[in-house]
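# Descriptive structure summary
Single-letter residue listing:
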Amino acid sequence: MDMFEDERQRVSHRRGAIARGVAKRGLVAFLAFAMAFGTTPAQLWAEGAEGIAEAVAQAATPSEGTGATDGAADQGKAGVSDSGSAPAASAATTEAATGDEGSATGESPATSEQSSTASAGQAGSAAAATVQAENPTETGDVAKKQVEVSFSIIGTDADGKAQTWVAPTQLKLDEGATAADAFIKLQEKTGFKAKYEPNTAYGFYLESITSPSDGRTLAYDPTTYAFWQLFVDGASSSVGASSVKLTQGQKIEFAYTAGSSSPVVKDQVAANVTVIGRDAQGKTQAWVDNAQYVVTSGSSALDLTKVALEANDIDAVAAGSFILSLKYNGVELGTPQDYSTYWQLFINGKSSDYTADNVTIHAGDTVTWFYGGWGDQLPSDSVHASVQVLGKDKDGKQQVWASTGQTSLKAGSTAKDLLEQVGLTLDAGESSWGWFLSGIYSPFDGKSYCGYDAATNSYWRFYVNGKFADVGAGAYELHEGDAVTFMYGADADALPGQVLGSVDVIGPDVNGNNTRWGTASNVSLPEGSTAQNLIEAVLKAKGVAYNGSQSGEYWFLNSITSPFDHKPYGWDAATNKYWHLYINGEPSLLCANQITLQSGDKVTLAYTTDNSPMPDPDKIVVDPSATTPDWDVEWAGYGNSGNGSTVTDAKTPAQAAGLKWAFDWKAESGQQYANCSEPVIANGFVYIATENELIKIDSSTGKKVASAPLPPR
């Protein structure tokens, strides 16, 4: 009996110590969390002790958000000393560069009794490991669905400028994993050093990260209020990393900043390296397969190569910028020297005419070292390309449905083959025209479907390297490094990172009436482009001669050559006319180079006078005495004026034809027995004359653009 009483007393004391330890650890975590998010402990205390007391109470009470249960706390011994002071080594702090057998700092594991060193074989977080231990039969042998995300870390250099510490890295985790799990996996994969507490009362807490380039450690700075801030798809996260549930294609980033915007790294570029050697049997083997590395802007191919070789434990013997031999996994190529085969440099798939130290690296470049003979081409058994699929969520907003890094496929593969590898459910087929994509089912619920929508003209659009493809996905053969995008959208939808703009150029025709000299819709340009960029891109693409000049900070359009009389139209002192700029129908007070485009902007150049409203090029002017324009017709009459091209024995197509639009001219005329002229098509418009008016119709949509009354006959 006495023995049981003594045991109960010992249990009571032990539980009391555990409760005090958990409460104190919660207080420490709370204060550290507050400092990490830009609030000092003094500020919190000034707001009242009730909030701190509540935090301590929450920390002492086991809950879903608490990393340690009673059992876990019991197993973990004393996390915080009874004296009230934190131990020298934080009990729940991880400071390990994965890949090392022990601690990255060289300390004994005993200095951190609850050190989290989650390995690749573990669930990815301490919380997940605890759940698995308590419910060993729940997971069974059923494979979990996975999501793929991109994770990067942006620190600062010695001068405080934004610097990429870990380049965007593709990670695959089980569905339901969090950004905290992804951070741990990123550490396992890349080996950077960090201090963090995975299971505080408020979840995952990141204290510091050490620069992989110069060894500096960045933590909360009370002077600048900079801290490691979490960004999800470019936006500052309103919740902690352990509360961010990962979704397919997300871009996760930890950035050291005091602001609410992700810092832009301007002094670095990310490029790819491939090293193609041979295995022990002499067969071609990829030693480094299109891996991405980050170097300082202005770096050479040699600088990038050094980084890649060191990262992959490849020993090199070089003479200046020439690689004489490389050794990997016990295989050395280039020693003894054999001048019939040697290490050759290729830049973006083409043999380089320059040595590696004379090739400047740009973002997205691929540097390849290939061990082969003089004139040998790169092995063509594979090609690397990436793909992104952008669908719509239930509210109609753009949503990433799939996103991959550089994927290896057989040479000759098409964009269709690449799309079929992402695991989405496709509604596609083959026809006499080739492969076609009708729709894709959402990967989030498996039910939502994006297919052709006639009301909005939305369908799956296919882009290669940011440009709308001029062939179908089944016909486009992939090239090394291609970035393929399938985006579900309407004509006015832009790719991420791009804007769509339209241009109208309105000048006089041969009779002096306002008309369109040229027009372009939904022109795609990079975000940040100006109205000047759009204007010049359209004029150059259409072969229109123009004269523009820069005067200080201002860009001026001096003249444009008319497509009618082929004369340049500029400042006219007699009429005070010159080229005026309008943005979305309103006269602009800024020059074209000072206007940053927003997607959907319409830029109009009109040859008119000051204080005049924007001319209407669709206004119809009925003038029987007007000069007839000298326009070439595409079909001069039946049989094309007897040129021998008449077709009389062909069957009328019935399967591929479909009604695009219809115009009810009888209803438009308002008369029961109205008559209509033959349609005339000119400059993209259809003109018809009814009993009492001349009607102008957009040939692409069938909508009435303008009309003018006709004089009685």
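Everything quoted here is computed from the prediction, not taken from an experiment. (Residues numbered from 1 in each chain as written. Predicted model: local features only at pLDDT ≥ 70, side-chain atom pairs only at ≥ 80, totals over all residues. Heavy atoms only, no water.)

### Remarks on the overall build of the chain
What the chain contains, in helices and strands, is 11 helices and 38 strands. Split into buried and exposed, the 713 residues of the chain put 39% on the buried side. Look at the contacts in the chain between residues 6 or more apart in sequence, and 55% of them connect residues 24 or more apart. Summed over its atoms, the accessible surface of the chain is roughly 40000 Å², and 50% of this surface lies on carbon and sulfur atoms. (Helix = DSSP H or I, 4+ residues; strand = E, 2+ residues; numbered from the N terminus. Buried < 20%, exposed > 50% of the residue type's maximum accessible area, 1.4 Å probe, protein only. Contact = heavy atoms within 4.5 Å. Areas by Shrake-Rupley, 256 points an atom, 1.4 Å probe, with all protein chains shown as cover.)

### Considerations on the environment of Ser340
Along the chain, the position of Ser340 falls in the loop between strand S14 (331-333) and strand S15 (341-347). Take Ser340: its relative accessible area is 45%, and that puts it in the partly exposed class. The spacing of Ser340 and Gly372 is 32 residues in sequence and 8.0 Å in space, taken between C-alpha atoms. In this structure, Ser340 is in contact with Gly372, Gly373 and Trp374, ignoring residues within four places of it in sequence.

### Thoughts on unusual backbone geometry
Here Asp233, not a glycine, exhibits a phi torsion of approximately 55°, which is positive. Note on placement: Asp233 falls in the loop between strand S7 (227-232) and strand S8 (235-236). One non-glycine residue, Asn465, adopts positive backbone phi at about 55°. Relative to the elements of secondary structure, Asn465 occurs in the loop between strand S24 (459-464) and strand S25 (467-468).

### Quick notes on the sheet that holds strand S13 (residues 322-328)
If you trace the three strands from one edge of the open sheet to the other, you get S12-S13-S14, paired in antiparallel fashion. Two strands close off the open sheet at either side, each with one partner strand: strand S12 (315-319) and S14. Taken pair by pair, the neighbouring strands of this sheet meet at an average axis angle of 15°, ignoring direction. (Pairing = 2+ DSSP bridges. Axes fitted to C-alpha atoms, helices over the stretch in contact; angles between N-to-C directions.)

### Examining the packing of aromatic side chains
Any pair of aromatic rings gets described here by the distance separating the centres and the angle formed by the planes. Considering all chains together, one arrives at 25 aromatic pairs under this definition. Ring geometry for Tyr554 against Phe556: centres 6.5 Å apart, planes inclined by 50°, an arrangement best described as tilted. Since its relative accessible area comes to 37%, Tyr554 is described here as partly exposed. Looking at Phe556, the relative accessible area reads 37%, which means it is partly exposed. Ring-pair connections join several aromatic residues into one group, and the members of that group are Phe151, Phe183, Phe192, Tyr196, Phe204 and Phe254. (Phe/Tyr/Trp six-rings, centres within 6.5 Å; stacked < 30°, edge-to-face > 60°.)

### Looking at the sheet that holds strand S29 (residues 546-551)
What the three strands build is an open sheet, ordered S29-S30-S31; its pairing is antiparallel. A strand with exactly one partner marks an edge of an open sheet, and here the two such strands are S29 and strand S31 (568-569). Two strands pair when backbone bridges link them, and strand S30 (residues 554-561) and S31 are joined in this way by two bridges, in the antiparallel orientation. Within S31, the position partnered with Ile560 by the bridge is Tyr569.

### Here we look at the pairing of strand S3 (residues 162-174)
Sheet topology places strand S2 (residues 146-156) next to S3; 10 bridges connect them, and they run antiparallel. What sits directly across from Thr156, in S3, is Ala162.

### Structural notes on the pattern of salt bridges
Within this structure, the stated rule accounts for nine salt bridges. With its nearest N and O atoms 3.2 Å apart, the salt bridge here joins Arg516 to Asp504. In this pair, Arg516 is assigned in strand S28 (residues 514-526) and Asp504 in strand S27 (residues 498-508), connecting sequence segments 12 residues apart. Arg516 sits in the buried class, given a relative accessible area of 19%. Taking relative accessible area as the criterion, Asp504 reaches 3% and is therefore assigned buried. In this structure, the salt-bridge partner of Glu668 is Lys704, at a minimum N-O distance of 2.5 Å. Note that Glu668 is positioned in helix H11 (residues 665-669) and Lys704 in strand S38 (residues 704-709), a separation of 36 residues in sequence. Owing to a relative accessible area of 36%, Lys704 belongs among the partly exposed residues under this scheme. Connected via shared salt-bridge partners are Asp504, Arg516, Lys602, Asp618 and Lys696. (Salt bridge = Lys/Arg side-chain N within 4 Å of Asp/Glu carboxyl O.)

### Details of the pairing of S27
Within S27, 11 of the 11 residues are buried, which leaves it mostly tucked inside the rest of the structure. The pairing of S27 with S28 spans 10 bridges and is antiparallel. If you follow Gly501 over to S28, its bridge partner there is Val523. In this structure, the hairpin formed by S27 and S28 is closed by a connection of five residues, where Gly512 is found at a positive phi of approximately 85°. Examined bridge by bridge, S27 and strand S34 (residues 601-608) share six bridges and lie parallel to one another.

### A closer look at helix H9 (residues 531-541)
All of the buried residues in H9 are Ala531, Gln532, Leu534, Ile535, Glu536, Val538 and Leu539. If you follow the buried residues of H9, they end up packed against S27, S28, S29, S30, strand S32 (578-583) and S34. Just past H9, the residue Gly543 takes up positive phi, approximately 70°.

### Topic: the nonpolar core
Core analysis: the largest hydrophobic core is formed by 32 residues, its most contacted members being Ile153, Phe183, Leu206, Ile209, Trp228, Leu246 and Phe254. Counting residues per element, this core draws most heavily on helix H6 (residues 179-190), at six residues. The contact partners of Leu246, leaving out residues within four places of it in the chain, are Val147, Val149, Leu173, Ala177, Thr178, Ala179, Ala182 and Ile252. In terms of nonpolar packing, the next biggest core, distinct from the first, is built from 28 residues, Ala271, Trp287, Leu309 and Ile323 among them. (Core = buried A, V, L, I, M, F, W, Y, C linked by side-chain atoms within 4.5 Å.)

### Quick notes on a negative patch on the surface
On the surface, Glu310, Asp313, Asp315 and Glu332 cluster together to form a negatively charged patch. Note that Asp315 resides in strand S12. (Patch = residues over 30% accessible without salt bridge, like charges linked within 9 Å, V, L, I, M, F, W, Y side chains within 5 Å. Lys, Arg positive; Asp, Glu negative; His and termini not counted. Charge placed at Lys NZ, Arg CZ, Asp CG, Glu CD.)

### Thoughts on the environment of Asn290
You can see Asn290 is positioned in strand S11 (residues 284-296). Of the residues examined, Asn290 reaches a relative accessible area of 8% and is grouped as buried. Between the alpha carbons of Asn290 and Val275 there is a distance of 8.0 Å; along the sequence they are 15 residues apart. Once you skip the residues sitting within four places of it in the chain, Asn290 turns out to touch Asn272, Val273, Thr274, Thr366, His384, Gln406 and Glu480.

### Quick notes on the confidence of the model for the chain
Summing up the model confidence of the chain, the mean pLDDT is 76 and the portion of residues at 70 or higher is 75%. Predicted confidence for residues 1-142 stays below pLDDT 50, and this span has 129 contacts to residues more than four positions away or in other chains. (pLDDT = per-residue confidence, 0-100.)

### So, helix H7 (residues 301-311)
Within the sequence span of H7, burial applies to Ala301, Leu302, Leu304, Thr305, Ala308 and Leu309. Down the axis of H7, the smallest arc covering the buried residues is 155°, so these residues share one side. For H7, exposure combined with an orientation more than 90 degrees from the buried face picks out Lys306, Glu310 and Ala311. For H7, the elements touching its buried residues are strand S10 (268-278), S11, S12, S13, S15 and strand S17 (366-373). With its phi angle positive at about 55°, Asp313 sits one or two positions after the end of H7. (Arc of directions from axis to C-beta.)

### Things to note about the environment of Leu424
Mapped onto the fold, Leu424 is located in the loop between helix H8 (415-419) and strand S21 (426-431). Considering only alpha carbons, one finds Leu424 and Ser442, 18 residues apart in sequence, at a separation of 7.7 Å. Residues within four places of Leu424 in sequence aside, it is in contact with Val389, Trp401, Ala402, Ile440 and Pro443.

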